[in-house]
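# Structural overview
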Amino acid sequence: MHHTTVLLIEVGALLLVLGLLSRLSRRIGLSPIPLYLLAGLAFGHGGVLPLSASEEFFEVGAEIGVILLLVMLGLEYSASELVGNLRAAAPAGLVDGLLNALPGAAFGLLLGWGWVSAIVLAGVTWVSSSGVIAKVLADLGRLGNRETPVILSILVIEDLAMALYLPLVTAILGGQGLLGGSIALTVAVVTVVAVLVVAIRYGHVISRMFSAQDPEALLLGVLGLTLLVAGLAAGLQVSAAVGAFLVGIALSGPVAHNATELLSPLRDLFAAVFFVFFGLNTDPRAIPPVLLPAIALAVVTMATKVVTGYLAARRVGIALPGRWRAGLALAPRGEFSIVIAGLAVGTSLVNPQLAPLATAYVLVTVVTGPMLARLPDFGWFKRWLRQQAARGLPPATATE
């Protein structure tokens, strides 16, 4: 009984703190992710007030948080849209991977952390934060801009790439080596292709399992299916997160739309728990030694993201201001970076400083990224763009 009482007090107090931090972040125009991470650092091992009874609750909640983050991403796209975006944005996605994964891998090797840590760091630096970017675009009123589909296409490519990357890195971190990783990657490719084929041809049949008009049945059914498939995927070494993502893709129409509305509050709750749990498992005393490397890595990879967005927007004929808006919007890292680093926590195959480095790295990018996205709105930046456009750009590209 005493344990239950302490558990309720700790969970209730921390959720209350998270609610206040979320409200504060909205008022100052930042993503709440860095504040959630800081809360986890404050109440975790080596923090100001370590929690004693609720760690297991947050561990389970963190697993559910990852699953809900991924199924919600999947619900944003139909299978046909995903395939169409993959074809159209494949060159930009390839450039994105080369420019942003390679610096992370090189950084891990330069630090002498070994090839496994390098593979993990490649994923940490590769993927932008869909959640943070979507909020920034909405806050800045850019959802209807010409460059926004380019940004979203790159994010879709990254989401799909993670469906292949996560099983590979999970197998490697599990000690299965490159052979085991190759087998896991093959299984993941076959699974993703099979699910996409089923979703395109029979997605309407799957959606008919649920009633879009019955909120309670829809919530329970979709959540149950997501957790079931995520568990089966984990059993097949494909990754629970990938399984959840594929469930979201398979659902379509009113079912997907209503499920998104119903699951959004649950996602927000358990996603916050996930970020807190990652902070709980990171000793804040381990961050200062890696802070300067994290800042250096952030500067390099935010620059490569700007180049990625700029080139992708230029490829489809978007004007100079739109190219810069696309590039600067892609800078923040968040959910996936923490998910990938979280897979490496507690394994002996990666350097123990990787988790603190990833935490500091995400904090830097998720705080500065939204600020960078606002640069094109400043008068001095607009004047600079006009000067660049006046230096010989063809008229067709000098317009927004």
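Residues numbered from 1 in each chain as written. Predicted model: local features only at pLDDT ≥ 70, side-chain atom pairs only at ≥ 80, totals over all residues. Heavy atoms only, no water.

The name given to the protein chain in an unreviewed UniProt entry is Cation:proton antiporter, and the organism recorded there is Plantactinospora solaniradicis. Here is the UniProt Subcellular location (unreviewed entry) comment for the protein chain, exactly as written: "Membrane". What UniProt states about the protein chain under its Sequence similarities (unreviewed entry) heading is, verbatim, "Belongs to the monovalent cation:proton antiporter 2 (CPA2) transporter (TC 2.A.37) family." (UniProt positions renumbered as here; feature names shortened; annotations may be inferred.)

So, about the overall build of the protein chain. Scanning the protein chain for helices and strands turns up 16 helices and zero strands. Counting every position in the protein chain, which comprises 400 residues, the buried fraction comes to 51%. Looking at the protein chain as shown, the accessible area adds up to about 17,600 Å², and 69% of this sits on carbon and sulfur atoms. (Helix = DSSP H or I, 4+ residues; strand = E, 2+ residues; numbered from the N terminus. Buried < 20%, exposed > 50% of the residue type's maximum accessible area, 1.4 Å probe, protein only. Areas by Shrake-Rupley, 256 points an atom, 1.4 Å probe, with all protein chains shown as cover.)

So, on to the pattern of salt bridges. This structure, assessed with the given rule, holds five salt bridges. Here Arg142 ties to Asp377 by a salt bridge, and the two come within 3.1 Å at their closest N and O atoms. Of the two residues, Arg142 is situated in the loop between helix H6 (130-139) and helix H7 (148-173) and Asp377 in the loop between helix H15 (354-373) and helix H16 (379-389); the sequence distance between them amounts to 235 residues. Among the ionic pairs, Glu147 bridges to Arg325, the shortest N-O distance being 2.9 Å. Taken as a pair, Glu147 in the loop between H6 and H7 and Arg325 in helix H13 (residues 320-329) lie far apart in primary sequence, 178 residues in all. By the burial criterion, Glu147 is buried, and Arg325 matches it. Counted as one network, the salt bridges with shared partners bring together Asp96, Glu158 and Lys305. (Salt bridge = Lys/Arg side-chain N within 4 Å of Asp/Glu carboxyl O.)

All chains considered together, the criterion is met by seven aromatic pairs. With a centroid separation of 5.7 Å and 75 degrees between ring planes, the pair formed by Tyr310 and Trp324 is classed as edge-to-face. You can see Tyr310 sitting in helix H12 (residues 288-315) and its partner Trp324 sitting in helix H13, a full 14 residues away along the chain. Residue classification places Trp324 among the partly exposed positions, given a relative accessible area of 22%. Site record: aromatic cluster; members linked through ring pairs are Tyr310, Trp324, Trp380, Phe381 and Trp384. (Phe/Tyr/Trp six-rings, centres within 6.5 Å; stacked < 30°, edge-to-face > 60°.)

This part covers H15. Taking 1.5 Å of rise per residue, the 20 residues of H15 would be expected to cover 28 Å, and the 27 Å separating its terminal C-alpha atoms lies within 8% of that figure. In terms of burial, H15 is largely enclosed, as 16 of its 20 residues are buried. (Expected span 1.5 Å × (residues − 1).)

As a further point, take the environment of Val345. Mapping Val345 onto the fold places it in the loop between helix H14 (335-344) and H15. Relative accessible area serves as the criterion here: at 35%, Val345 is assigned to the partly exposed category. Expressed as a C-alpha distance, the spacing of Val345 and Pro356, which sit 11 residues apart in the sequence, is 9.8 Å.

Positionally, Leu30 belongs in the loop between helix H1 (2-28) and helix H2 (33-43). For Leu30, a relative accessible area of 16% corresponds to the buried category. C-alpha of Leu30 to C-alpha of Val366: the two residues are 336 residues apart in sequence and 8.2 Å apart in space. Setting aside chain neighbours within four positions, we find Leu30 in contact with Ser25, Val367 and Met371. (Contact = heavy atoms within 4.5 Å.)

Nonpolar side chains collect at one region of the surface, where Leu291, Leu292, Ile295 and Val299 lie side by side and expose about 360 Å² of accessible area between them. For Ile295, the location among the structural elements is in helix H12. Taking relative accessible area as the criterion, Ile295 reaches 33% and is therefore assigned partly exposed. (Patch = residues over 30% accessible without salt bridge, like charges linked within 9 Å, V, L, I, M, F, W, Y side chains within 5 Å.)

Bringing the packing of H12 against H13 into the picture now. At a minimum axis distance of 7 Å, the contact between H12 and H13 shows a crossing angle of 140 degrees. One way to sum up the angle between H12 and H13 is to call them oblique. Judged by the sense of rotation from one axis to the other, the crossing of H12 with H13 is right-handed. Packed against H12, whose contacting residues are Lys305, Val306, Gly309, Tyr310, Ala313 and Arg314, the element H13 presents Leu320, Gly322, Arg323, Trp324, Ala326, Gly327 and Leu328 at the interface. (Axes fitted to C-alpha atoms, helices over the stretch in contact; angles between N-to-C directions. Parallel < 35°, antiparallel > 145°, perpendicular 65-115°, else oblique. Left-handed = near helix turned anticlockwise from the far one by under 90°.)

This next bit is on the nonpolar core. Counting 95 residues, the largest nonpolar core has Phe58 and Val120 as its most contacted members. Broken down by element, this core gets its largest block of residues, 14 residues, from helix H11 (residues 253-280). Beyond its immediate sequence surroundings of up to four residues, Val120 is in contact with Tyr165, Val169, Leu173, Ile340, Ala344, Val350 and Leu354. Counting 13 residues, the second largest nonpolar core, distinct from the first, contains Ala92, Val150, Ile151 and Ala329. (Core = buried A, V, L, I, M, F, W, Y, C linked by side-chain atoms within 4.5 Å.)

Another aspect to go through is the confidence of the model for the protein chain. Of the residues in the protein chain, 89% have a pLDDT of 70 or more, and the chain-wide mean is 81. Contacts for the low-pLDDT stretch residues 393-400, under 50 throughout, to residues beyond four places or in other chains number 11 contacts. (pLDDT = per-residue confidence, 0-100.)

Bringing the side chain of Glu158 into the picture now. With respect to the helices, strands and loops of the structure, Glu158 is situated in helix H7. From its side chain, Glu158 meets the backbone nitrogen of Ser128 in a polar contact 3.0 Å long. (Polar contact = N/O pair within 3.5 Å; in protein donor to acceptor, adjacent residues only side chain to side chain.)

Further remarks concern the side chain of Thr301. Along the chain, Thr301 falls in helix H12. Reaching out from Thr301, the side chain makes a polar contact with the backbone oxygen of Leu297 at a distance of 2.7 Å. Of the polar contacts made by the side chain of Thr301, one reaches the side chain of Tyr361; its length is 2.7 Å.

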